[in-house]
Amino acid sequence: MRILAIESSCDETGAAVIEKNKTTIKVLSNITATSLAIHAATGGIIPENAAREQVKYIIPTIIKALCKSRIVNQESWEEARIILKKEIDAIAVTHGPGLIGSLLVGVETAKTLSFAFNKPIIPVHHLLAHIYANFISPQTSIPYSLPTNPYPYIGLIVSGGHTDLLYFKSINNYKWLGGTRDDAAGEAIDKIGRLLNLAYPAGPEIEERAKKITKPSIKFKSPLLNSDDFDFSFSGLKTEAMRFIQKNQEINEQIKNEVCFAVQKAVVDVLVKKTVRAAELYNTNTILLGGGVSANETLMNEFKLKIENLKLKINVFSPKKTYCTDNAAMIGAYALMNYKPVNWRKIDAMPDLYFV
Ligand code: KG4
Ligand code: ZN
C-alpha cells in the first residue's frame, strides 16, 4: 500500500509518499517546505504568517513529493497528477493538534484531493505520529533494533508545543500519564535561545554549545525532578535562565555555552528520570521517544547512562533525526500502521485534539 501524507500542523508544510511492505515502512519521498526564515526574523511563530506561507507552499510541496516518489524526468503537475491517480492508494493528513490556520491548509487540501481523485482519506493525530516515526527504518537505537511488536511501551513526546508521557498497550489502547503544566520543553529551549540571541529554533544550537562545556559552573533547577507524578514544568527554568542573563552584564560566548549546558541538563534530567520511572512502574522494557527535542543526542546518552546505572533492561529508541522534527513521513507511517479511512466530509481540523 502506498500513501500520500500531508502535514501542516505548525510552521512546516510537508508532503511524503510512504509505502508499507510486509515488514518495512519505506519513505519514497519526504518534502518539507519551511518558513523558518520568516519565523527567525520574528523570533518565533506568528500563526497568521505560518498559514499564509503554507497556502502558497502546499500544492508545490505535494507535486514535488509525488514526482520524487518515482524518479521522473521532469517535475510537473501533469506527472504528479498521473502518479496520484495511478500509484497512490490513500491520502493521510494531520487533523490536529496544532494551529487552526495551518491545520486547515493541510486538511482542506487533503479533502479536496480525496474527493477529486476518489481516494480514501485517513486523519492522523500529530502527536501519536511523532512516536510512530520510530517505525520508519532505520531509527537510532540503544542498543538493539526496534521489535516488530514493541508493546507495552512508554512513549515520550517532547517537542516545541508538547511534552507528554504515555503508556501504550497497543496502538489504540494507551493511557496518558502526565505532561507539562505550562511550557513545553522545546518552547522553553527556544525562548531561552531567544534571550541568548541564538538562531530560531534554538534546540540544535543549544545542543552544540552545551557540548563545549566539560566542567560546568552554572546549574539551573530541574523543575519537578522529585515530584511523584509524571508531570513536567518548564516555565520556571525559563525564568531562572532569564534572571541569570539579566544579572550578568556581559554574556560572552563562554557564558552562553554555560547557560546552554545548564538549560539542556535541567531539561534532560527530568525527562530521563520520569520516563525511566514510568517504564519501571509499568514494567515495560521499551521506551519510544518522538518530537523535535528527541533529536538531542545528549538526551539519548543520558537515557543510556541512567538505564545502565540502575541495571535495568530497557531499550530506548528515537526516530532518525529527519523524522524527529515535524515531517509528513511520520503521518504516512502512522496511517499505514493504523489504517482507518473515514469519509472526507467527516474530517475537520481539530486544533485542540488531545489524547482520548
Ligand atoms: O516536533 P517539532 O519539530 O515541532 C513541534 O511539533 O513542536 O519540535 C520543534 C522543537 C523546537 O523547540 C526545537 O528547538 C526543538 O524541537 N529541537 C531540539 C533539537 N532539535 C530540535 N531541542 C533540543 N535539541 C535538539 N537537537
Ligand atoms: Zn510536532
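All values derive from a computational prediction rather than experimental measurement. (Residues numbered from 1 in each chain as written. Chains lettered and ligands numbered in written order. Predicted model: local features only at pLDDT ≥ 70, side-chain atom pairs only at ≥ 80, totals over all residues. Heavy atoms only, no water.)

Another point: the overall build of the protein chain. When its secondary structure is counted, the protein chain shows eleven helices and eleven strands. The C-alpha atoms of the protein chain give 20 Å as radius of gyration, which agrees with the globular expectation for 356 residues (21 Å, within 12%). Its C-alpha atoms give the protein chain principal-axis dimensions of about 60 × 45 × 35 Å. Going through the 356 residues of the protein chain one by one, you find that 54% of them count as buried. Residue pairs in contact within the protein chain that sit at least 24 positions apart in sequence constitute 74% of those at least 6 positions apart. If you sum the accessible surface of the protein chain, you get close to 16300 Å²; carbon and sulfur atoms cover 52% of it. Side chains of the protein chain carry 42 positive and 35 negative charges; the gap between the two charge centres is 5 Å. (Helix = DSSP H or I, 4+ residues; strand = E, 2+ residues; numbered from the N terminus. Rg over C-alpha atoms; globule rule 2.2 N^0.38 Å. Buried < 20%, exposed > 50% of the residue type's maximum accessible area, 1.4 Å probe, protein only. Contact = heavy atoms within 4.5 Å. Areas by Shrake-Rupley, 256 points an atom, 1.4 Å probe, with all protein chains shown as cover. Lys, Arg positive; Asp, Glu negative; His and termini not counted. Charge placed at Lys NZ, Arg CZ, Asp CG, Glu CD.)

Time to look at unusual backbone geometry. Residue Pro97 is reached from Gly96 by a cis peptide bond, and omega for that bond is -10 degrees. For Pro97, the location among the structural elements is in the loop between strand S4 (90-96) and helix H4 (100-117). The omega torsion across Tyr200 and Pro201 is -10 degrees, close enough to zero to call that bond cis. Within the fold, Pro201 resides in the loop between helix H6 (185-195) and helix H7 (203-211). Positive phi, close to 55 degrees, is recorded for Leu224, a residue that is not glycine. Position of Leu224 among the secondary structure elements: in the loop between H7 and helix H8 (235-247). Using a relative accessible area of 22% as the deciding quantity, one classes Leu224 as partly exposed. In this structure, Lys311 is a non-glycine residue whose phi angle is positive, near 55 degrees. Tracing the backbone shows Lys311 in the loop between helix H10 (297-309) and strand S11 (315-318).

Let us now look at the sheet that holds strand S1 (residues 2-7). What the five strands build is an open sheet, ordered S3-S2-S1-S4-S5; its pairing is mixed. With one partner strand each, in any of the chains shown, strand S3 (25-34) and strand S5 (121-125) form the two edges of the open sheet. Strand-to-strand twist in this sheet, taken as the mean axis angle between neighbours without regard to direction, amounts to 20 degrees. Both S1 and strand S2 (residues 12-20) contribute to a ladder of six bridges, which runs antiparallel. (Pairing = 2+ DSSP bridges. Axes fitted to C-alpha atoms, helices over the stretch in contact; angles between N-to-C directions.)

The next subject is the pairing of S3. For S2 and S3, the ladder comprises nine bridges, and the chain directions are antiparallel. Looking at S3, one finds that Ala15 is bridged to Ile31. The antiparallel hairpin formed by S2 and S3 contains four residues in its connecting segment.

Right, let's talk about the site of ligand 1 for a bit. What surrounds ligand 1 is a group of 20 residues, the closest being Gly160, Asp190, Glu207, Gly292 and Asp326. One nitrogen or oxygen atom from the side chain of Glu207 is found 2.8 Å from a nitrogen atom belonging to ligand 1. At 3.0 Å from an oxygen atom of ligand 1 is found a main-chain nitrogen or oxygen belonging to Asp326. Coverage of ligand 1 by the protein chains reaches 89% of its 560 Å² of free accessible surface. Looking at the shell around ligand 1, the elements with two or more residues in it are helix H5 (126-132), H6 and H7. Tallying contributions element by element places H7 first for the shell around ligand 1, with three residues. Per-class residue counts for the shell around ligand 1 are six nonpolar, eleven polar and three charged. (Near = heavy atom within 4 Å. Polar contact = N/O pair within 3.5 Å; in protein donor to acceptor, adjacent residues only side chain to side chain. Nonpolar A, V, L, I, M, F, W, Y, C, P; charged D, E, K, R; others polar.)

Before going further, it helps to spend a moment on the coordination of the zinc ion (ligand 2). Octahedral metal centres with six donors ideally show angles of 90 or 180 degrees, and tetrahedral centres with four donors ideally show 109.5 degrees. Taken together, His126 (NE2), His130 (NE2) and Asp326 (OD) make up the full set of protein donors to the zinc ion (ligand 2), lying 2.0 to 2.1 Å away. In this structure, the zinc ion (ligand 2) is surrounded by four donor atoms whose angles at the metal cover 95 to 139 degrees, and the resulting shape is irregular. On the primary sequence, the residues serving as donors to the zinc ion (ligand 2) are separated as H-x3-H-x195-D. Linking His126 with His130, this pair stays in helix H5, spanning four residues, or about one helical turn. His130 carries the same exposure label as His126, and that label is buried. (Donors = N, O, S within 2.8 Å, 3.2 Å for Na, K, Ca; no water. Tetrahedral: all angles 85-135°; square planar, octahedral: opposite > 155°, others 65-115°.)

The next subject is the packing of H8 against helix H9 (residues 253-281). Closest axis-to-axis distance for the H8/H9 pair is 11 Å, and the angle between their directions is 165 degrees. The orientation of H8 relative to H9 falls into the category roughly antiparallel. H8 and H9 meet at a crossing whose hand is right-handed. Facing H8, whose interface residues are Leu237, Ala241 and Phe244, H9 presents Ile255, Val259, Val263, Ala266 and Val267. Partitioning the contact of H8 with H9 into residue classes produces eight nonpolar, no polar and no charged. (Parallel < 35°, antiparallel > 145°, perpendicular 65-115°, else oblique. Left-handed = near helix turned anticlockwise from the far one by under 90°.)

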